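Structure assessment
Next come the chains, spelled out residue by residue.
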Amino acid sequence: FPYTTLFRSDRRPLRIAVSFGAIHAQLATLLARQRIEEPETPVALYEAAPVEQIAGLKGRRYELGFTLDARAEHGLKMQPLWYDELAVMLPVRSPLLAYPAIPLSALVDYPVVMWHSEVCAATPYYVQALFVEAEIAPHVTAQARSFEFMAAVVAAGYGVGLAARSRIDAAQEAGIVARPLHADGHTITTFLIYCDEVSERVKRFIERARRCAGTVSHRGVVG
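What comes next concerns the included structure. What you see is a predicted model, and the numbers here were worked out from it, not measured in a lab.

Remarks on the pairing of strand S9 (residues 187–194)
Successive side chains on a regular strand alternate, one facing one side of the sheet and the next facing the other. Within S9, 7 of the 8 residues are buried, leaving the element largely enclosed by the surrounding structure. Sheet analysis places strand S3 (residues 64–67) next to S9, joined by 3 bridges and oriented antiparallel. Note that in S9 the partner of Gly65 across the bridge is Ile193. Pairing of strand S4 (residues 77–91) with S9 involves 8 bridges; the strand directions are antiparallel. The residue bridging Lys77 from the neighbouring strand is Tyr194, located in S9.

Written out as structure tokens, the structure reads:
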């Protein structure tokens, strides 16, 4: 029998909230696999601020979520799925391109476009933690609420930024280039989050996500 006939049809959309930065390239692959393997369960995606995402999951407005923020003490289940490198975003003619890997101290002489904490809860944590650990106070020239804003400011030569390597590489036509940081690897992790008690169709989506990510086993609750 076809795979999809094993499950009772439920045409209600599977409601999934995605917070800032968690739109990983593999998400499209996962959603395409969901559509092919279980077409009777449609998916509805929503963009949500981290606080709204958590409240929506606990209030059952959403059934699943994707997030970069592993620090919140919300008691939800968290499954790490995808990993990315935190890299430096540069304009195509930046003198910093002379470095194969950029030391954080080199950014002291350049204006930095930082992520706005109100909408990008996890990414500023990664970036700010780097500067704090290195005891460096960056000259912040602007605060970005979107990747597109940061890319435009950096491409115009008004500063440098730090973002996921895959996002920078995919946007090279916008006039930006990625360089790794000359430091220990700084990894950005995309998590799938959900409540402790979930429906059968949510369980199937979670297992599908694990297979898509190549995750062998569930790692329990974070936070």
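Next comes the rest of the description.
Details of the packing of aromatic side chains
Taken as a whole, this structure holds 4 aromatic pairs when the rule is applied. Seen in terms of ring centroids, Tyr46 and Tyr62 are 5.6 Å apart; in terms of plane orientation they differ by 40°. Their pairing is tilted. In this pair, Tyr46 is assigned in strand S2 (residues 43–47) and Tyr62 in the loop between helix H2 (50–58) and S3, connecting sequence segments 16 residues apart. For Tyr46, a relative accessible area of 35% corresponds to the partly exposed category. In this structure Tyr62 comes out as buried when scored by relative accessible area, which is 8%. Seen in terms of ring centroids, Phe66 and Trp82 are 5.8 Å apart; in terms of plane orientation they differ by 10°. Their pairing is stacked. Taken together, the positions of Phe66 in strand S3 and Trp82 in strand S4 put the pair 16 residues apart, joining distant regions of the chain. What makes Trp82 buried here is its relative accessible area of 5%.

Topic: unusual backbone geometry
We note that Arg60 has phi near 65°; this positive angle belongs to a residue other than glycine. Relative to the assigned elements, Arg60 resides in the loop between H2 and S3. Overall, Arg60 belongs to the partly exposed group, its relative accessible area being 47%. A positive phi angle, close to 55°, is found at Glu135, a residue other than glycine. Within the secondary structure, Glu135 is located in the loop between helix H3 (122–133) and strand S6 (139–144).

Considering the nonpolar core
Core analysis: the biggest nonpolar cluster contains 36 residues, and Met89, Leu107 and Phe147 have the highest contact counts within it. Of all the elements in the fold, those that place two or more residues in this core are S4, strand S5 (111–115), H3, S6, helix H4 (147–155), strand S7 (160–164) and strand S8 (176–180). Here Leu107 is in contact with Val88, Leu96, Ile102, Val112, Phe131, Val160 and Leu162, once residues within four sequence places are set aside. Counting 17 residues, the second-largest nonpolar core is a separate cluster that includes Val18, Leu27, Leu30 and Ile206.

Quick notes on H2
For H2, the complete set of buried residues consists of Pro50, Gln53, Ile54, Gly56 and Leu57. Relative to the axis of H2, the buried residues are bounded by an arc of 165° and lie together on one face. Against strand S1 (14–18), S3 and S9 lie the buried residues of H2. Trailing H2 by a residue or two, Arg60 shows a phi angle of about 65°, which is positive.

Parameters and conventions
Every chain begins its residue count from 1, and numbering advances along the sequence as written. In view of the model being predicted, local features appear only for residues whose pLDDT reaches at least 70, and side-chain atom pairs are presented and counted only at 80 or more, with totals across whole chains, interfaces and linings using the full set of residues. Each side-chain value is worked out from all heavy atoms of the structure, with water and hydrogens disregarded. Accessible area is worked out with a 1.4 Å probe on protein chains only. A residue is then buried under 20% of its type maximum, exposed over 50%, and partly exposed in between. Under the scheme used here, helices are H or I runs from DSSP no shorter than 4 residues and strands are E runs no shorter than 2 residues, and both carry numbers assigned from the N terminus. One bridge is not enough; two strands pair if DSSP finds at least two bridges between them. Only centres within 6.5 Å qualify two rings of Phe, Tyr or Trp (six-membered ring in Trp) as a pair; their planes then separate them into stacked at under 30 degrees, edge-to-face at over 60, and tilted for everything else. Here, nonpolar core means buried Ala, Val, Leu, Ile, Met, Phe, Trp, Tyr and Cys residues that are tied together by side-chain atoms lying within 4.5 Å of each other. By definition, residues are in contact when any of their heavy atoms lie within 4.5 Å. By definition, the arc is the one covered by directions from the helix axis to the C-beta atoms.

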